[in-house]
Amino acid sequence: MNNILVCVKAVPATTSVQVDGQYRLKREGASLQWNIADESALEAALSLKDKDGTVTVVTMGPPKLEAPLQDLLARGCDRVVLITDRLMAGADTRATAGALRAAAKRLGPADLILCGRRAIDGETGQVPGELASALGIPCVSNVEKLEWEKDRLLLHRRLETGVEVLSARGPLVVSVCEYAYSLRLPGILSMRRARGKTVERYSAADLGLTAEQCGLKGSLTKVTAMESKFPGLRNGPKETDPAKGIQALRAMLREVQP
Ligand code: FAD
């Protein structure tokens, strides 16, 4: 598996984001950061890449992502691609996966496509599966470790009750857990290599997508309401006697896992 495509999403770097009249996040004014699970996926790709391999990053988002994408070149990526077009605004997971699919097709065959397992803003966790389905390839979700076993990949997949290890051959989509890998810092050599490279930009037309296939128009779902709700503290009795406290805690834990 020589060619790895990584899908990264820019998410608000704060919890106090604004939405417009159609409940779309206002990303223009907000400071953005790469979604943490996507950084994890990118580090997995960079560590899996072999001598002749390439790592390409693709993101769909606003034009101001050019500079942060340049930074990813300095961390060792071979190509970075920005899908940006006003027509793409308000995309739901289906329209997002459609744009990513079109970019993946245009970029040429990838042996492995890595995504984060979920983005911290929309947090549906649907894009990796939808992308795989749109490309007609399998998807393995919630992976916390990827390693080579000859020409196959061993995928350690987190389940509620443990870890499942799958052996797979590409092409496939894998969604990576946020805690799995820490993205490396830019190195001197890769910073030098990055100097000659530029961010490639694709519009909807470049990807052969019509207005009806993009953004709000190309979406099957629409956010119709939104409210903030913080988990806060549990409204239970306060216990000052340690023995009674432990009993109460046991009862609570039994509620969660009888
Ligand atoms: P997830 O599926 O959680 O993302 C998983 C991975 O897919 C990411 O880690 C990344 O690797 C990749 N990925 C996702 N987006 C991009 C991107 N733009 N560029 C590159 N890679 C990407 N849409 C719906 O269809 N249904 C809903 O119920 C819904 N509810 C929403 C609620 C809120 C509060 C908000 C802000 C948005 C909602 N959306 C919903 C829209 C949805 O967030 C966007 O469609 C988004 O593009 C898909 O993102 P996600 O955050 O759900 O992705």
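Residues numbered from 1 in each chain as written. Predicted model: local features only at pLDDT ≥ 70, side-chain atom pairs only at ≥ 80, totals over all residues. Heavy atoms only, no water.

K.L.:
It is not clear to me how the packing of helix 3 (residues 93-107) against helix 4 (residues 127-135) should be interpreted in this structure. Could you clarify?
P.N.:
Packed helix pairs are specified by the crossing angle of their axes together with the interaxial distance, meaning the distance between the axes. Two numbers describe how helix 3 lies on helix 4: the axes approach to 9 Å, and their chain directions differ by 50 degrees. The angle between helix 3 and helix 4 places the two elements in the oblique class. Remark: the crossing between helix 3 and helix 4 carries right-handed chirality. Between helix 3 and helix 4, the residues in contact are T93, R94, T96, A97, L100, R101, A104 and K105 and V127, E130, L131, A134 and L135, respectively. (Axes fitted to C-alpha atoms, helices over the stretch in contact; angles between N-to-C directions. Helix = DSSP H or I, 4+ residues; strand = E, 2+ residues; numbered from the N terminus. Parallel < 35°, antiparallel > 145°, perpendicular 65-115°, else oblique. Left-handed = near helix turned anticlockwise from the far one by under 90°. Contact = heavy atoms within 4.5 Å.)

K.L.:
Is there a simple way to think about the pattern of salt bridges in this case?
P.N.:
Between side chains of opposite charge, a pair can form when the charged atoms approach closely. Enumeration according to the criterion identifies 12 salt bridges in this entry. Note that E178 is salt-bridged to R117, the shortest N-O span being 2.9 Å. A residue pair is termed long-range when its members are at least 10 positions apart, and E178 in the loop between strand 10 (172-176) and helix 5 (188-195) and R117 in the loop between strand 6 (112-116) and helix 4 qualify at 61 residues. Overall, R117 belongs to the buried group, its relative accessible area being 18%. Between E123 and R118 there is a salt bridge whose closest N-O contact spans 3.7 Å. Given the relative accessible area of 35%, R118 is considered partly exposed. The network of salt bridges with common partners includes R117, R118, E123 and E178. (Salt bridge = Lys/Arg side-chain N within 4 Å of Asp/Glu carboxyl O. Buried < 20%, exposed > 50% of the residue type's maximum accessible area, 1.4 Å probe, protein only.)

K.L.:
Just to check I follow, could you spell out the site of the ligand for this structure?
P.N.:
What surrounds the ligand is a group of 29 residues, the closest being C7, D38, A91, T96 and T124. G125 has a polar backbone atom sitting 2.8 Å from an oxygen atom of the ligand. Interatomic distance of 2.9 Å between a side-chain N/O atom of T221 and an oxygen atom of the ligand. Here the ligand has 930 Å² of accessible area as a free molecule, and 86% of this is covered by the chains. Elements with a minimum of two residues in the shell around the ligand: strand 4 (54-60), helix 3, strand 6 and helix 4. Tallied by class, residues from the shell around the ligand come to 13 nonpolar, 10 polar and six charged. (Near = heavy atom within 4 Å. Polar contact = N/O pair within 3.5 Å; in protein donor to acceptor, adjacent residues only side chain to side chain. Areas by Shrake-Rupley, 256 points an atom, 1.4 Å probe, with all protein chains shown as cover. Nonpolar A, V, L, I, M, F, W, Y, C, P; charged D, E, K, R; others polar.)

K.L.:
Help me understand the sheet that holds strand 1 (residues 3-7) in this model?
P.N.:
The sheet built from nine strands is open, its strands ordered 9-8-7-10-6-1-4-5-11 with mixed pairing. Among the strands making up the open sheet, the edge pair consists of strand 9 (162-168) and strand 11 (200-202). In this sheet, neighbouring strand axes are inclined to one another by 30 degrees on average, regardless of whether the strands run parallel or antiparallel. Inspection of the sheet shows strand 8 (residues 152-159) paired to strand 9 by seven bridges, in the antiparallel sense. Paired with R158 across the bridge in strand 9 is V163. Across the sheet, helix 1 (residues 36-48) lies against strand 1, strand 4, strand 6, strand 7 (139-149), strand 8 and strand 10, angled at about 150 degrees from strand 6, the strand it touches most. Where helix 4 meets the sheet, it contacts strand 1, strand 6, strand 7 and strand 10, and its direction lies at approximately 155 degrees from that of strand 6. (Pairing = 2+ DSSP bridges.)

K.L.:
I would appreciate a short explanation of the pairing of strand 10 in the present structure.
P.N.:
Each regular strand carries side chains that alternate between the two faces of the sheet. In terms of burial, strand 10 is a largely internal element, five of the five residues being buried. Alternating positions in strand 10 separate into two faces, L172, V174 and V176 on one and V173 and S175 on the other, with burial throughout. Pairing of strand 6 with strand 10 involves five bridges; the strand directions are parallel. Paired with G116 across the bridge in strand 10 is V176.

K.L.:
How do you make sense of the nonpolar core when you look at a structure like this?
P.N.:
One recurring pattern in soluble globular proteins: nonpolar side chains tend to sit buried together. If you look at the biggest cluster of nonpolar residues, it comprises 35 residues, and the most contacted ones within it are V6, L72 and L114. For this core, the leading source of residues is helix 1, giving six residues. Beyond its immediate sequence surroundings of up to four residues, L72 is in contact with V8, W34, L42, V57, C77, V80 and L183. Formed by 27 residues, the second largest nonpolar core is a distinct cluster that contains M60, C115, L131 and A204. (Core = buried A, V, L, I, M, F, W, Y, C linked by side-chain atoms within 4.5 Å.)

K.L.:
What exactly am I supposed to notice about the side chain of D92 here?
P.N.:
Tracing the chain through its elements places D92 in the loop between strand 5 (79-83) and helix 3. Although D92 is buried, it forms no salt bridge, and the closest oppositely charged side chain is R94 at an N-O distance of 6.2 Å. In this structure the side chain of D92 is engaged in a polar contact, spanning 2.8 Å, whose partner is the side chain of T221. Setting aside chain neighbours within four positions, we find D92 in contact with G218, S219, L220 and T221. (Lys, Arg positive; Asp, Glu negative; His and termini not counted.)

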